[in-house]
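Descriptive structure summary
Listed below, chain by chain, are the residues.
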Amino acid sequence: MAAGHPPASSRMAGSSRRRPGPGRLHFEIPTDCRESRKAQFRVLNELVRRGYSNDSLFAIRLAMEEALVNAMKHGNHFDPAKKIIIDARIGPRSARIAVEDQGAGFDRRHVGDPTRAINLCKLHGRGIFLIKAYMDQARWTQGGRRVTMTKANA
Amino acid sequence: MAEATPRLRISREKDVHVVEFVQNRILDELNISEIGLELTNLLAGRDRPRLLLDFSAVDHLSSAALGMLINVNNKVREQNGQLRLAQIKPPILEVFQITKLNRLFRICATRAEAMASF
């Protein structure tokens, strides 16, 4: 299993400086799949603890996975020296999750529609589409380096 | 006799290779590329391969997993073979529908239906 329980002593870099309030999780991690997995696990755990529905959990898990893979791969080009910031605010009715990388950003207008017949056989280019499809709102800022995604607990 | 790997359970029914995903998540890049490699190796050198992918265990997948499946589909077609996807749970099926990949893949509700469709 790729994502196990993180050890009790594990702490995300940056978490000691900030004191997240209830429902707030803030991580600053290196570009590393294991660290990304741990952070996702923490966020999902909090969503489960707060009674988010299976549908919402499925959507958020998928969107977070896509956002983090994009950040590591296309943003930071798997450079372990570059950081990724994950900021989650989990309320009783909705969750807002931001993922930020240290890459060059991108122009969303250059991302094609993967559902067009001509693109169906393409191996890549569905991450952003899935984020938009599964989250209630997704907004790219800072030249595409930061995505902020919102999902209601429905 | 079924051959077990950590990620895939591969067996043969008549002339169909039946592959079950063992893990409930097809997410990690490394994991996905390993699965892709195993499936590609399974197809290597076969003329008109028949491949059935059983998703019974799968609860989560990502766009990278979809890319891997498209790649397998492309290879099967290149070799004049047939690919069926079966036993897909509703949330995962929805991913295929939203991405319109249900038009690309031949998706069957059950393994029996998939077997009968070759």
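Just above, that's the structure.
We now turn to the structure provided with this report. Computed from a predicted structure; not experimentally measured. (Residues numbered from 1 in each chain as written. Chains lettered and ligands numbered in written order. Predicted model: local features only at pLDDT ≥ 70, side-chain atom pairs only at ≥ 80, totals over all residues. Heavy atoms only, no water.)

Points about the overall build of chain B
The test is simple: Each helix is a run of DSSP H or I of at least 4 residues and each strand a run of E of at least 2, with the numbering of both proceeding from the N terminus. It is over C-alpha atoms that the radius of gyration is taken, and the globule rule equals 2.2 Å times the number of residues to the power 0.38. Between buried and exposed lies partly exposed: a residue is buried under 20% and exposed over 50% of the maximum accessible area for its type, with that area taken using a 1.4 Å probe on protein chains only. Residue-level accessible areas treat just the shown protein chains as cover; the underlying method is Shrake-Rupley with a 1.4 Å probe.
Within chain B, the regular secondary structure consists of four helices and eight strands. For chain B, the succession of helices and strands along the chain, N to C, is β-β-β-β-α-β-β-α-β-α-β-α. Computed over its C-alpha atoms, the radius of gyration of chain B comes to 13 Å, within 12% of the 13 Å expected for a compact globule of 118 residues. Its C-alpha atoms give chain B principal-axis dimensions of about 30 × 30 × 25 Å. Relative to its full complement of 118 residues, chain B shows a buried share of 53%. If you sum the accessible surface of chain B, you get close to 5400 Å²; carbon and sulfur atoms cover 47% of it.

Description of helix H3 (residues 127-134) of chain A
Inclusion rule: Starting at the helix axis, one direction is taken to each C-beta atom, and the arc is that of these directions. Throughout, a contact is declared for two residues whenever any of their heavy atoms are within 4.5 Å.
Within H3(A), burial applies to Gly127(A), Ile128(A), Leu130(A), Ile131(A) and Tyr134(A). Here the buried residues of H3(A) occupy an arc of 160° about the axis, which is enough to place them on one side. Buried residues along H3(A) sit in contact with helix H2 (54-75), strand S4 (137-141) and strand S5 (146-152) of chain A together with helix H2 (63-78) and helix H3 (90-98) of chain B.

Looking at empty space enclosed by the protein
Worth spelling out the cut-off: With a 1 Å grid laid over protein atoms only, a set of points is called a cavity when a 1.4 Å probe fits there but cannot get out and a pocket when it is open yet has protein on both sides within 12 Å along at least five of seven lines; lining residues have an atom within 4 Å of a point. Grid points are joined across faces, edges and corners, and a volume is the space filled by probe spheres set on the points. Each residue gets one of three labels, nonpolar for Ala, Val, Leu, Ile, Met, Phe, Trp, Tyr, Cys and Pro, charged for Asp, Glu, Lys and Arg, and polar for the others, Gly among them.
Enumeration over the complete set of coordinates arrives at two cavities of 30 Å³ or more. If you add up the space inside the largest cavity, you get close to 80 Å³. Every element with two or more residues in the lining of the largest cavity is listed here: helix H1 (33-49) and H2 of chain A. Classifying every residue of the lining of the largest cavity gives five nonpolar, two polar and four charged. The volume enclosed by the second largest cavity comes to roughly 30 Å³. If you trace the second largest cavity, you find it lined by Phe58(A), Arg61(A), Leu62(A), Glu65(A), Leu27(B), His60(B) and Leu61(B). Looking at the lining of the second largest cavity, the elements with two or more residues in it are H2 of chain A together with strand S6 (60-61) of chain B.

A few points about the interface of chain A and chain B
Put simply, the test is: Two parts placed together each lose some accessible area under a 1.4 Å probe, and the buried area is that loss summed for both. Each reported salt bridge corresponds to a side-chain nitrogen of Lys or Arg within 4 Å of a carboxyl oxygen of Asp or Glu.
Every contact between the two is made by 22 residues of chain A and, on the other side, 25 residues of chain B. Here chain A packs against chain B, burying approximately 2100 Å² in sum over the two surfaces, 62% of which is carbon and sulfur. The interface formed by chain A and chain B includes two salt bridges. Residue Glu29(B) is joined to Lys73(A) by a salt bridge in which the shortest nitrogen-to-oxygen separation is 3.6 Å. Put simply, the parts of the chain that give the side of chain A that touches chain B at least two residues each are H2 and H3 of chain A. Top element by residues in the side of chain A that touches chain B is H2(A). It accounts for seven residues.

Considerations on the nonpolar core
To keep it simple, the criterion reads: Joining through side-chain atoms within 4.5 Å is the link that ties buried Ala, Val, Leu, Ile, Met, Phe, Trp, Tyr and Cys residues into a set, and such a set is a nonpolar core.
By size, the foremost hydrophobic cluster in this structure holds 37 residues, and its most contacted members are Leu53(B), Phe55(B) and Phe96(B). With 29 residues, the next largest nonpolar core counts Ala67(A), Met72(A), Ile97(A) and Met135(A) among its residues.

Remarks on helix H1 (residues 29-43) of chain B
All names here are of chain B. Formally: What a helix is expected to span follows from its residue count: subtract one and scale by 1.5 Å.
Taking 1.5 Å per residue as the helical rise, H1 with its 15 residues ought to reach 21 Å, and the 21 Å between its terminal C-alpha atoms agrees with that figure. Taken as a whole, H1 has its buried residues at Asn31, Ile32, Ile35, Gly36, Glu38, Leu39, Leu42 and Leu43. Burial along H1 is one-sided: seen end-on, the buried residues are contained in an arc of 160°. Opposite the packed face of H1, turned more than 90 degrees from it, sit the exposed residues Leu30 and Asn41.

Section: the pairing of strand S7 (residues 82-86) of chain B
Residues and elements named next belong to chain B. The condition that has to hold: When DSSP finds two or more bridges between two strands, those strands count as paired. By convention, a crossover is right-handed whenever its connection, traced from the first strand over the helix to the second and viewed with the strands pointing away, goes clockwise.
With respect to burial, S7 is a largely interior element, four of its five residues being buried. Taken together, the five bridges between strand S5 (residues 50-54) and S7 define a ladder with parallel strand orientation. The partner of Asp54 across the bridge, within S7, is Ala86. Bridging between S7 and strand S8 (residues 107-108) involves two bridges; their strand directions are parallel. Each residue of the ladder has a partner; that of Ala86, found in S8, is Cys108. A crossover links S7 with its parallel partner S8, the connecting element being H3, and its sense is right-handed.

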